[in-house]
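Single-letter residue listing:
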Amino acid sequence: MTRTLKIWGLLLVVLLAAGCSSSGNTWGWYVIDPTTPQGQSNVKFLIGGFWATIQLSLIAAALSMTIGLLVALPGMSDNRWVRLPSRIYIEFVRSIPLLPMLFWVFYGLPVVMKSMGIPISIDAFWGAIITLAISDSAFTAEIYRAGIQSIPKGQTEAARTVGLTYGQTMRYVVLPQAIRRILPPLANQFIYIVKMSAFASVIGMQELTRRANELVVTEYRPLEIYSLLILEYLVLVLIISFFVRWLERKMGSDERR
Amino acid sequence: MSAERVIEISSLNKSFGDFRVLTNVDLSVSLGERIVICGPSGSGKSTLIRCVNGLEQFDSGHIEVDGISLRDKGSAERVRAEVGMVFQQFNLFPHLTVLENLTLGPMKARGLSRKDAEDLAMTYLDRVRIPEQARKRPGDLSGGQQQRVAIARSLCMKPKIMLFDEPTSALDPEMISEVLDVMVELAQDGMTMLVVTHEMGFARKVADRMVFMDSGEIVEIGAPSAVFEAPKSERFRAFLDKILHHH
């Protein structure tokens, strides 16, 4: 963690040094120089995308975790006909690249819904959330499955013999144990969602990447603006991975008890 | 025996693929009867008692437990309400305290209040002589203590019948007797018990009938005194030879 920080800090210093020392117009940090009025308003504009990116990621992740569990549970049934739809969903969804799925949801889904007599409009925000949530749910479903199947079968058997139903067995016996193995990879998956949310920019969602693109068009300083953009994601992801490590340590120390 | 029949097993068959685990097993058990089942590993003895509370499905034949046929849909739940089970690996819930392990079933399945469930749990923890461990996690207990907790957990559901699937096989030798003592007391209280075990001393002491299984069949069945003194089949004689010399 601290080593990663040091490496990135070093890289930043090198970039800045290169920017200050080189002649000509290779670097033009003035576009995002907070000491000038123009630079300051540019930086504000770029950073203004944080909230949308965070909102997008959080809602998509929450949906993905819910859908994932609903897909994973029937996927572990003894009955193959109950298992089948879950398998098909996972294999199908995880083989679709995010960008085509985003286009399909944003441009195609409203047409399908309209033809079925449900005229809904999907804005960029919800189009992105639906796509991210569905695309990610195939992976969270597999994380749940691995976590739940790592709990010995004897636990389920013991729970059933003291009279618990399937639902109660899951809720009181299996999931509380599986959650320790599920949460860290699930939190990791959240990092993936944050990064993939950049795709929302192509359907016009005003998040971090979209704002950077728009500023590049007016300022024509791609190097500086995209460098800052990368830094913005870096900060977000570092915060999350710090949280993931903390979670893993907490879970790990619980496990040893 | 003229007492009430609580378990009736007839012509039970079960295979895993090509492998026949149970072949034409017949067994009826009366209320209060103690049956000890022994046999070499893979002989189907565990599978047999797991069929009794519906943890295993069977291919053909009939099992009736306390008047409930296990062929009926949804019968496994009703049968499990009457039948407790103790496993070789204890299968305690590691994320719950000992007390919570005992109260989970009574509270969620029977709808008891926490207070009533805890009173019930403490009664049975007293009976298995570890009330002082109530607030600990199973992982902090010895194997013998864990198995006694598992027995208490089953008893909290007030079962009519108790199944034991090699309850002492995973224990260190010095802990076997503390578990067997609890089981002997249970037998003396008149509990109907089906016990899969190789503890022949226990069998001699409490069993009304001994069942010897081999290759999925019941080879020999009878009072322990009779079968130990004069095993009829060569297979049972060889088996007894092996396990008695081993001990």
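In this text the structure is predicted, and so the values were computed from the model without any measurement.

Q: Can you walk me through the layout of surface pockets in this structure?
A: Regions of empty space are outlined by a rolling probe, equal in size to a water molecule, passed over the atoms. Of the volumes computed, that of the largest pocket is approximately 1,300 Å³. Around the largest pocket, the lining is made up of 32 residues, and of these Asp 78, Lys 153, Thr 156 and Arg 160 of chain A together with Leu 55 of chain B lie nearest the centre. Of all the secondary structure elements, the ones that give two or more residues to the lining of the largest pocket are helix H6 (124–149), helix H7 (153–161) and helix H8 (166–196) of chain A together with helix H1 (45–52) and helix H2 (75–80) of chain B. The residue makeup of the lining of the largest pocket, split by class, is 13 nonpolar, eight polar and 11 charged.

Q: What exactly am I supposed to notice about empty space enclosed by the protein here?
A: Under the definition given, this model contains one cavity of 30 Å³ or more. Quantified by volume, the largest cavity comes out at close to 30 Å³. Residue lining of the largest cavity: Thr 161 and Val 162 of chain A together with Arg 80, Ala 81, Glu 82, Val 83, Gly 84, Ser 154, Met 157 and Pro 159 of chain B, and that is the complete set. A class-by-class count of the residues in the lining of the largest cavity yields five nonpolar, three polar and two charged.

Q: Got a minute to help me understand the side chain of Glu 224 of chain A in this structure?
A: Relative to the assigned elements, Glu 224 of chain A resides in helix H10 (residues 222–256). Non-local contacts of Glu 224 of chain A, meaning those with residues more than four positions away in its chain, are made with Thr 26, Trp 27, Gly 28, Trp 29, Val 31 and Ile 32 of chain A.

Q: Quick question: what am I supposed to make of the pattern of salt bridges here?
A: All chains considered together, the criterion is met by 26 salt bridges over all chains. Across the salt bridge formed by Arg 94 of chain A and Glu 91 of chain A, the nearest N and O atoms sit 3.1 Å from each other. With Arg 94 of chain A and Glu 91 of chain A both in helix H4 (residues 80–94) and three residues apart, the pair spans about one turn of that helix. By relative accessible area, Arg 94 of chain A is classed as partly exposed at 35%. Note on Glu 91 of chain A: relative accessible area 39%, which makes it partly exposed. Measuring nitrogen to oxygen at the nearest pair gives 2.9 Å for the salt bridge that ties Glu 178 of chain B to Arg 148 of chain B. Of the two residues, Glu 178 of chain B is situated in helix H6 (residues 176–188) and Arg 148 of chain B in helix H5 (residues 143–155); the sequence distance between them amounts to 30 residues. Here Glu 178 of chain B falls in the partly exposed class, since its relative accessible area comes to 23%. Judged by relative accessible area, Arg 148 of chain B falls into the buried class, the value being 8%. One salt-bridge network, held together by shared partners, links Arg 87, Glu 91, Arg 94, Glu 142 and Arg 145 of chain A.

Q: Looking at this model, I keep getting lost on the confidence of the model for chain B. Mind explaining?
A: Residues of chain B with pLDDT of at least 70 account for 98%, and the chain-wide mean is 93. For this predicted complex, the interface confidence score (ipTM) comes to 0.92, while the overall pTM stands at 0.80.

Q: When you look at the sheet that holds strand S2 (residues 19–30) of chain B in this model, what are you seeing that I'm missing?
A: The strands making up a sheet associate through backbone hydrogen bonding, with each pair oriented either parallel or antiparallel. Residues and elements named next belong to chain B. Ordered in space as S2-S1-S4-S5, the four strands form an open sheet in which the pairing is antiparallel. Of all the strands in the sheet, the pair left with one neighbour each is S2 and strand S5 (68–69). Two strands pair when backbone bridges link them, and strand S4 (residues 60–65) and S5 are joined in this way by two bridges, in the antiparallel orientation. Looking at S5, one finds that Val 65 is bridged to Ile 68.

Q: Explain the side chain of Ser 227 of chain A to me, please; I cannot follow it from the model alone.
A: Residues and elements named next belong to chain A. For Ser 227, the position within the fold is in helix H10. Here the side chain of Ser 227 touches Leu 223 through a polar contact of 2.6 Å, landing on its backbone oxygen. When neighbours within four sequence positions are excluded, Ser 227 is seen to be in contact with Trp 29 and Pro 222.

Q: How do you make sense of the nonpolar core when you look at a structure like this?
A: Soluble globular proteins tend to bury their nonpolar side chains together. Residues and elements named next belong to chain B. Grouped together as the largest cluster of nonpolar side chains are 49 residues, with contacts concentrated most on Ile 151, Met 162, Phe 164, Met 183, Met 193 and Phe 202. At eight residues, H6 tops the list of elements feeding residues into this core. Dropping the residues within four chain positions of it, Met 193 is found in contact with Glu 33, Arg 34, Ile 35, Met 162, Phe 164, Met 183, Leu 186, Ala 187 and Phe 202. In terms of nonpolar packing, the next biggest core, distinct from the first, is built from 41 residues, Val 21, Leu 27, Val 29 and Met 85 among them.

Q: Is there a simple way to explain the environment of Ser 154 of chain B in this structure?
A: Position of Ser 154 of chain B relative to the elements: it lies in helix H5. In this structure, Ser 154 of chain B is in contact with Gly 84, Met 85, Val 86, Pro 159 and Met 162 of chain B, ignoring residues within four places of it in sequence.

Q: Explain H1 of chain B to me, please; I cannot follow it from the model alone.
A: Residues spaced three or four apart along an α-helix face the same direction, because each turn holds 3.6 residues. Residues and elements named next belong to chain B. Burial runs high along H1: seven of the eight residues are buried. When we look at burial in H1, the residues that qualify are Lys 45, Thr 47, Leu 48, Ile 49, Arg 50, Cys 51 and Val 52. One or two positions beyond H1, positive phi appears at Gly 54, with a value near 75 degrees.

Q: How should I be thinking about the sheet that holds strand S7 (residues 161–165) of chain B in this particular structure?
A: Residues and elements named next belong to chain B. One open sheet accounts for six strands, arranged S6-S7-S8-S3-S9-S10; its pairing is mixed. Unpaired on one side and paired on the other, strand S6 (83–86) and strand S10 (217–222) mark the two borders of the sheet. Neighbour-to-neighbour, the strand axes of this sheet turn through a mean angle of 15 degrees, independent of strand direction. By the bridge criterion, five bridges tie strand S9 (residues 209–214) to S10 in an arrangement that is antiparallel. Each residue of the ladder has a partner; that of Met 210, found in S10, is Gly 222. Those strands touched by H1 are strand S3 (34–38), S6, S7, strand S8 (192–196) and S9, and its axis lies near 150 degrees from that of S7.

Q: Which parts of the structure should I look at to understand H7 of chain A?
A: The element H7 of chain A is largely enclosed, with a buried count of seven among its nine residues. Along H7 of chain A, the residues classified as buried are Gly 154, Gln 155, Glu 157, Ala 158, Ala 159, Arg 160 and Thr 161 of chain A.

Q: Got a minute to help me understand the interface of chain B and chain A in this structure?
A: How large an interface is tends to be reported as the accessible area lost when its parts come together. On the chain A side, the residues contacting the 20 residues of chain B number 17 residues. Around 1,700 Å² of area is buried between chain B and chain A when both sides are counted, 60% of it from carbon and sulfur atoms. In terms of surface lost to chain A, no three residues of chain B exceed Phe 93, His 95 and Lys 108 of chain B, which account for 30% of the buried area on that side. Put simply, chain B and chain A have two salt bridges between them.

Q: Sorry if this is basic, but what is going on with the packing of H5 of chain B against H6 of chain B here?
A: When two helices pack together, their arrangement is given by the angle between the helix axes and by the axis-to-axis distance. Residues and elements named next belong to chain B. Contact geometry for H5 and H6: axes closest at 8 Å, N-to-C directions at 25 degrees. As summarised for this structure, H5 and H6 are arranged roughly parallel, according to the angle between their axes. Seen from H5, the contacting residues are Gly 144, Gln 145, Gln 147, Arg 148, Ile 151 and Leu 155; seen from H6, they are Glu 178, Val 179, Val 182, Met 183 and Leu 186. Classifying every residue of the contact of H5 with H6 gives six nonpolar, three polar and two charged.

What counts and how
- Residues numbered from 1 in each chain as written.
- Chains lettered and ligands numbered in written order.
- Predicted model: local features only at pLDDT ≥ 70, side-chain atom pairs only at ≥ 80, totals over all residues.
- Heavy atoms only, no water.
- 1 Å grid on protein atoms, 1.4 Å probe; cavity = no way out; pocket = protein on both sides within 12 Å on 5 of 7 lines; lining within 4 Å.
- Points joined across faces, edges and corners; volume = space filled by probe spheres on them.
- Helix = DSSP H or I, 4+ residues; strand = E, 2+ residues; numbered from the N terminus.
- Nonpolar A, V, L, I, M, F, W, Y, C, P; charged D, E, K, R; others polar.
- Contact = heavy atoms within 4.5 Å.
- Salt bridge = Lys/Arg side-chain N within 4 Å of Asp/Glu carboxyl O.
- Buried < 20%, exposed > 50% of the residue type's maximum accessible area, 1.4 Å probe, protein only.
- pLDDT = per-residue confidence, 0-100.
- Pairing = 2+ DSSP bridges.
- Polar contact = N/O pair within 3.5 Å; in protein donor to acceptor, adjacent residues only side chain to side chain.
- Core = buried A, V, L, I, M, F, W, Y, C linked by side-chain atoms within 4.5 Å.
- Axes fitted to C-alpha atoms, helices over the stretch in contact; angles between N-to-C directions.
- Buried area = accessible area lost by both parts, 1.4 Å probe.
- Parallel < 35°, antiparallel > 145°, perpendicular 65-115°, else oblique.

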